[in-house]
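Notes for the structure review
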Amino acid sequence: MLSSSARVLATRYRGNASNSWKRNSQKAAVVTTSSSPTSSPVAATRFFATLPTEEDDAMDVKVSPWEVPEQVPDEGEWEGCRRNFMSPLQISVRGSDILTNPLYSKGTAFKNGERDRLRLRGLLPHRIMNIHKQIDRFLITLRDLDSNIRKNIMLEDLHDRNETLYHRVLVDHMEEMAPLIYTPTVGQACQEHSSRFRRPRGMYFSEEDRGHMAAMVYNWPQPDVHVIVVTDGSRILGLGDLGANGMGIPVGKLSLYCAAGGIAPHRVLPVVLDVGTDNKELLEDEFYLGAQKPRLRGPEYYHLVDEFMEAVRYRWPNVLVQFEDFDSSVAQRLLDKYRNEHLCFNDDIQGTGATTLAGLLGAIRAKGEEVTSLGDQRILIVGAGSAGIGIAQVLYGAMLEQGYTEQQAKDSFFICDQHGLIGEERVGKLTPETKPFARAEDDGMSIVDVAKKHKPTIVLGVTAVGGLFNEEFVRELAAGVERPIIFPLSNPTVKAECTAEQAFEWTDGKCIFASGSPFDPVEMVDGKTYYTSQCNNMYVFPGVGLGATLCGAKKVSDRMLYIAAKALAECVPEEDLARGQVFPHISKIRMVSHKIAVAVIEEAMRDGLATKISAEDAKDLNEFVARKMYYPEYVPIVEKRTITI
Ligand SMILES: NC(=O)c1ccc[n+]([C@@H]2O[C@H](COP(=O)([O-])OP(=O)(O)OC[C@H]3O[C@@H](n4cnc5c(N)ncnc54)[C@H](O)[C@@H]3O)[C@@H](O)[C@H]2O)c1
Ligand SMILES: O=C(O)C[C@H](O)C(=O)O
Ligand SMILES: [Mg+2]
C-alpha cells in the first residue's frame, strides 16, 4: 500500500489535463522576497529536501511530519514525488507579522515545525488544517451567503488575509469564482467601493503627486513587479465614469493574472490614476474616496500619465502595463503613444479584439464553414468605441492574414454608433481608426435596416446599452441567415445588448451566442438545452501578459495578439463546438493561458522581440512556461537569516 502522502500524489498527478498543469507548475510556486523566484542556494535546497509538504499534513495525519514514507511508491509515481519538492520561501519577517502578511500567511495551516521555527507557537489555535480543509470550510460559508456582492466581499477579505488560499480557491473553482471576483460582480463592487472600503490594495496617483511619482513607486513593498493593470476609472465596464472607485477592475484583472495566468501575486500591481471624476453623484458623495474635482483633461492629463509611465519603468524596467477601462476619448491616443516604447497594451482595444476573433473563428467552425472565410462574413459591429473599433482592427488584420485584399476586408464591416451606420458622409468627424470602416452609402441607417438590407452573418454588441438588440432586430437577423452569430459583449450583465434567452427564443434556437458577462445555458420550451459561451478578454490577457513578461518582450505587437487569438481558438474541443460553445470551458483557463503564452513567446522570438529566452529555455517552451507558472499552494517557510550555510 502507498503511504498516505503517495496516495494523495497518485490522485493529484494522474488523470485529466488540468492536473498536468498543476503538476508542471509545482516548482514555480515559490514566492520569494528576492528578485529571482529560484534564488534559494543549493545547500539550502539539499537541507530542506526532506521537508514535508502541506499535503502530508492532513488534519488527521498519523506520522510525524519529518517521517519519510516507508512505502516506496509504484513506478510512475516517482515523477510526482520528485516534483512535489518545493524549495522553501525565505522571509525576513517572523511571528505575528507573518500572520498579518497575506503573501505569507497560511492561517491555520502552519505546521508544528513551522510554528516553532517562525515563532508562531501560541498564536494559532491547536488544530492544523491543510489547504483542502480550509477551502472546504471557506466554501461552506461563502455558498451560504445570499448575494454575489457579499460573496465578493468575503473573497476580497480572504484575498487580504491569505493570498495563497484565495488564489487556490480561484484556481480550483474558477467557474464559480470568476463571476464573483470579476465581471459582472466587480461592477457593483466598484460602484460601492467607497462605502465598503476596508483596506487599501494597489497604488493611487493623482495630480498632487506630480513631480513625486518616481519616488512614490518605491513605496510599493515588492521589488520585482511584472504586471501593472492601470485605469483612470473613466469607463468602468459599461457603467461609465466611476473615478477612483474603479480600483476593483485592476484588482479583479490581476487576480485572474495570478490564478488564470500563473503570475505570482507579489509580482502584480493594481493602479488607479485618480484624475478626478465627472460623475456628479460621486462629486457630491460625502463618502467618495477619490479626488472630488472634475476630471483632468488635455495636456495636464497626458503629462500625468507620462510621469506615471516613466516612474514605473524607472523602478521596474521590464514591467508590462495593461491599460484598462480608459474612456475612448483617450484610450487609443495613450496606446499609440506608448505601444512602441513601453511593454504595454490596451485590453479593451487589443485584448477584446483578439478574444472576439477567437470566438468568431470558433463560431465559423461550429457552423461548418472554413475558418479562413472570415472575409466572406458580413460583420455588423454595434458600438464604435474602444472595443468596437479594436475588434474591427483585429478582424481586419486577420482577414489580410487569410489572404483577403484590403478592399474585400473593409467591405465585410458594417459599423454603427448611436447615429446609425457609419458612412463616408461623416468621415470628417471620425477618428483615424474608424475612418477606414466607413461605408460608401447608407450613412445613419438603423441597425434593423442594416439587418434587413445587408443580412449580417455576425453581430457584435459593444455599446453598453442593455437590451439594444430587441426582438425586431434579432428576428430580422434570423430571417436573413440560417444561423446568425450573436455576441452581445457589453458588461456587466445588465448592459448586455440581449440575454441568452432572448437570443435563442427570437432565433428559434438557431443562433450561436457568446456574451461579455456569463449567461447560463437556456432550456427552451422544446425541452432542448442551448449552450452559451463567455466572450471576455479574460481569455487572452493573462496568457499574453505571461508570455510577454516571461520572454522579456520589448513590446506587445499586433501579431502577438493575432497569434494569441489563434491559439485560443485552437483550445475549443470539437464536442463543445458541436453544441455551439465557441470558447473553452472557463475551468480550462490555465491551460489556455499556458498555450497563449507559448504562442506569444514563439512570435516574440520570430520577430526579434524576446530578450530573455535562453537557448536552453527555447528547446522546450511548453515546459519552460509551465515551470514558470505560479500555482497557489503552501510552501515551507524559513527565516531568511537562518538559512545561510
Ligand atoms: N466582453 C469583453 O471582453 C469586453 C471588452 C471590452 C469592452 N466590453 C464592453 O463593451 C462596452 C463598450 O466598451 P467601449 O470601451 O467600446 O466603450 P465606448 O464608450 O468607447 O464605446 C461605446 C460605443 O457605443 C456607441 N453607442 C452608444 N449607444 C449606442 C446605440 N444606441 N446604438 C449604437 N451604438 C451606440 C457609442 O457611440 C460608442 O461608439 C462596455 O459595456 C464594455 O464593458 C466588453
Ligand atoms: O472587464 C471585463 O469584464 C471585460 C472588459 O475589459 C470590459 O471593460 O468590459
Ligand atoms: Mg475593460
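Residues numbered from 1 in each chain as written. Chains lettered and ligands numbered in written order. Predicted model: local features only at pLDDT ≥ 70, side-chain atom pairs only at ≥ 80, totals over all residues. Heavy atoms only, no water.

Quick word on the overall build of the protein chain
The condition that has to hold: Helix numbering and strand numbering both begin at the N terminus, where a helix is a DSSP run of H or I of at least 4 residues and a strand a DSSP run of E of at least 2. All accessible areas in this document rest on Shrake-Rupley with a 1.4 Å probe, and a residue is counted as covered only by the protein chains that are shown.
For the protein chain, the helix and strand inventory stands at 29 helices and 16 strands. Entry remark: accessible area of the protein chain is about 26,600 Å², with carbon and sulfur atoms responsible for 50%.

A closer look at the packing of helix H18 (residues 347-366) against helix H19 (residues 386-401)
Inclusion rule: In this analysis an axis means a line fitted to C-alpha atoms, helices contributing only their contacting stretch, and an angle means the value between N-to-C directions, from 0 to 180 degrees. Note on angle classes: values under 35 degrees are labelled roughly parallel, values over 145 roughly antiparallel, values of 65 to 115 roughly perpendicular, and the remainder oblique. Note: crossing handedness is left-handed where the near helix turns anticlockwise from the far helix by less than a right angle, and right-handed where it turns clockwise. The contact rule is simple, with two residues in contact once any of their heavy atoms fall within 4.5 Å.
Close contact between H18 and H19 brings their axes to 7 Å; oriented N to C, the two are set at 55°. Between H18 and H19, the angle is such that the two are oblique. Like other packed secondary-structure pairs, H18 and H19 cross with a definite hand, here right-handed. On H19, the residues touching Asp348, Ile349, Gln350, Thr352, Gly353, Ala354, Thr356, Leu357 and Leu360 of H18 are Ser386, Ala387, Gly390, Ile391, Gln393, Val394, Leu395 and Ala398.

Brief notes about the site of ligand 1
To keep things clear, this is the line we draw: By convention in this text, a residue qualifies as near a molecule or strand provided that one of its non-hydrogen atoms is within 4 Å of it. For this analysis, a polar contact is any N or O atom pair within 3.5 Å, provided that within protein one partner can donate a hydrogen and the other can accept it, and provided that sequence-adjacent residues contribute only side-chain to side-chain pairs. Note that Gly is not counted as nonpolar here; it falls among the polar residues with everything else outside the nonpolar set of Ala, Val, Leu, Ile, Met, Phe, Trp, Tyr, Cys and Pro and the charged set of Asp, Glu, Lys and Arg.
Within the structure, ligand 1 sits among 27 residues, and Arg235, Ser328, Ala384, Ala387 and Gln418 are positioned closest to it. Arg235 is positioned with one of its side-chain polar atoms (N or O) 2.8 Å from an oxygen atom of ligand 1. Between ligand 1 and Gly385, the relevant distance is 3.1 Å, taken from an oxygen atom to a main-chain nitrogen or oxygen of the residue. Here ligand 1 has 850 Å² of accessible area as a free molecule, and 86% of this is covered by the chains. Taken together, the elements giving at least two residues each to the shell around ligand 1 come down to H18, H19 and strand E8 (413-417). Residue classes in the shell around ligand 1 are distributed as eleven nonpolar, 13 polar and three charged.

Notes on the packing of helix H27 (residues 589-606) against helix H29 (residues 621-628)
Following both chains from N to C, one finds H27 and H29 inclined at 125°, their axes separated by 9 Å at the closest point. By the criterion of interaxial angle, the relationship of H27 to H29 is oblique. Handedness of the H27/H29 crossing: right-handed. Across the interface between the two elements, His594, Ala597, Val598, Ile601, Glu602 and Met605 of H27 pack against Leu621, Asn622, Phe624, Val625 and Ala626 of H29. For the contact of H27 with H29, a count of residues per class yields eight nonpolar, two polar and one charged.

Here's the deal with the sheet that holds strand E6 (residues 344-346)
For clarity, the cut-off: Only strands that DSSP links by at least two bridges are regarded as paired with each other.
The parallel open sheet is built from five strands, whose spatial order is E2-E4-E3-E5-E6. Here the strands that pair on one side only, and so sit at the sheet edges, are strand E2 (203-206) and E6. The sheet shows a mean angle of 20° between the axes of neighbouring strands, direction not considered. As paired strands, E2 and strand E4 (residues 268-274) are joined by four bridges and run parallel to one another. Counted as the bridge partner of Tyr204 is Val272 from E4.

Topic: the site of ligand 2
Every residue near ligand 2 is listed here: Tyr182, Thr183, Arg235, Leu237, Lys253, Glu324, Asp325, Asp347, Asp348, Asn491, Asn536 and Asn537. Interatomic distance of 2.3 Å between a side-chain N/O atom of Thr183 and an oxygen atom of ligand 2. Here Glu324 contributes a side-chain N or O atom positioned 2.9 Å from an oxygen atom of ligand 2. The fraction of the free accessible surface of ligand 2 (260 Å²) that becomes covered by protein chains is 93%. Taken together, the residues of the shell around ligand 2 sort by class into two nonpolar, four polar and six charged.

Concerning the environment of Leu120
Rules: Note on classification: 1.4 Å probe, protein chains only; a residue is buried when its accessible area is under 20% of the maximum for its type, exposed when over 50%, partly exposed between these limits.
Here Leu120 is to be found in the loop between helix H6 (112-117) and helix H7 (131-144). By relative accessible area, which is 0% here, Leu120 ends up buried. Considered as a pair, Leu120 and Leu460 are 340 residues apart in the sequence and their alpha carbons are 55 Å apart. Setting aside residues up to four positions removed in sequence, Leu120 forms contacts with Gly95, Leu99, Phe110, Glu114 and Arg115.

What to know about the UniProt feature "domain: Malic enzyme N-terminal" (unreviewed entry) in the protein chain
Stated formally: UniProt positions are given in the numbering used here, feature names are shortened, and annotations may be inferred rather than shown by experiment.
Under the present numbering, the feature "domain: Malic enzyme N-terminal" (unreviewed entry) in UniProt falls on residues 159-339. In this annotation, residues 159-339 is assigned 45% helix and 11% strand; the end-to-end C-alpha distance for the span is 32 Å.

Here we look at the state of the cysteines
Note the following rule: Two cysteine sulfurs form a disulfide in these notes if their separation is within 2.5 Å.
Here the structure, examined in full by the defined rule, presents zero disulfides. Free cysteine: Cys551, not disulfide-bonded; nearest cysteine sulfur from Cys344 at 15 Å. Of the residues examined, Cys551 reaches a relative accessible area of 0% and is grouped as buried. Take Cys571: it sits in no disulfide, and the sulfur closest to it among the cysteines is that of Cys535, at 14 Å.

Regarding helix H22 (residues 471-480)
Where we set the bar: What the arc measures is the spread of directions leading from the helix axis to the C-beta atoms.
Three or more residues of H22 are buried, namely Phe473, Val474 and Leu477. Around the axis of H22, the buried residues are gathered within 95° of arc, so they sit on the same side. Contacts from the buried residues of H22 go to strand E7 (379-382), helix H21 (447-454), strand E10 (458-461), strand E11 (485-488) and helix H23 (500-506).

Quick look at the pattern of salt bridges
Basically, it comes down to this: Any carboxyl oxygen of Asp or Glu that lies within 4 Å of a side-chain nitrogen of Lys or Arg is treated as forming a salt bridge with it.
Inspection of the entire model under this criterion finds 43 salt bridges. For the salt bridge of Lys293 with Glu208, the shortest nitrogen-to-oxygen distance reads 2.9 Å. Within this pair, whereas Lys293 is found in the loop between helix H15 (280-284) and helix H16 (298-315), its partner Glu208 is found in the loop between E2 and helix H13 (213-216), the two being separated by 85 residues in sequence. What makes Glu208 exposed here is its relative accessible area of 51%. For Arg295, the salt bridge goes to Asp232, with nearest N and O atoms at 3.8 Å. Note that Arg295 is positioned in the loop between H15 and H16 and Asp232 in the loop between strand E3 (227-231) and helix H14 (248-259), a separation of 63 residues in sequence. Here the two residues Arg295 and Asp232 agree in accessibility, since each one is buried. One network of salt bridges, with partners in common, ties together Asp160, Glu163, Arg199 and Arg201.

Details of the pairing of strand E5 (residues 320-323)
Which entries qualify depends on this criterion: When the strands point away from the viewer, a crossover counts as right-handed if the route from the first strand across the helix to the second turns clockwise.
A two-sided burial pattern is seen for E5, the buried positions comprising Leu320 and Gln322 on one face and Val321 and Phe323 on the other. Bridge count between E5 and E6: three bridges; the pairing is parallel. The residue bridging Val321 from the neighbouring strand is Cys344, located in E6. On the question of chirality, the crossover connecting E5 to the parallel E6 by way of helix H17 (residues 328-338) is right-handed.

Observations concerning the sheet that holds E10
Spatially, the seven strands line up as an open sheet ordered E9-E8-E7-E10-E11-E12-E15, and their pairing is mixed. At either end of the open sheet lies a strand with only one pairing partner, and these are strand E9 (420-421) and strand E15 (533-534). Across two bridges, the pairing between E11 and strand E12 (residues 512-515) is parallel. Along E12, the bridge assignment pairs Ile485 with Ile512.

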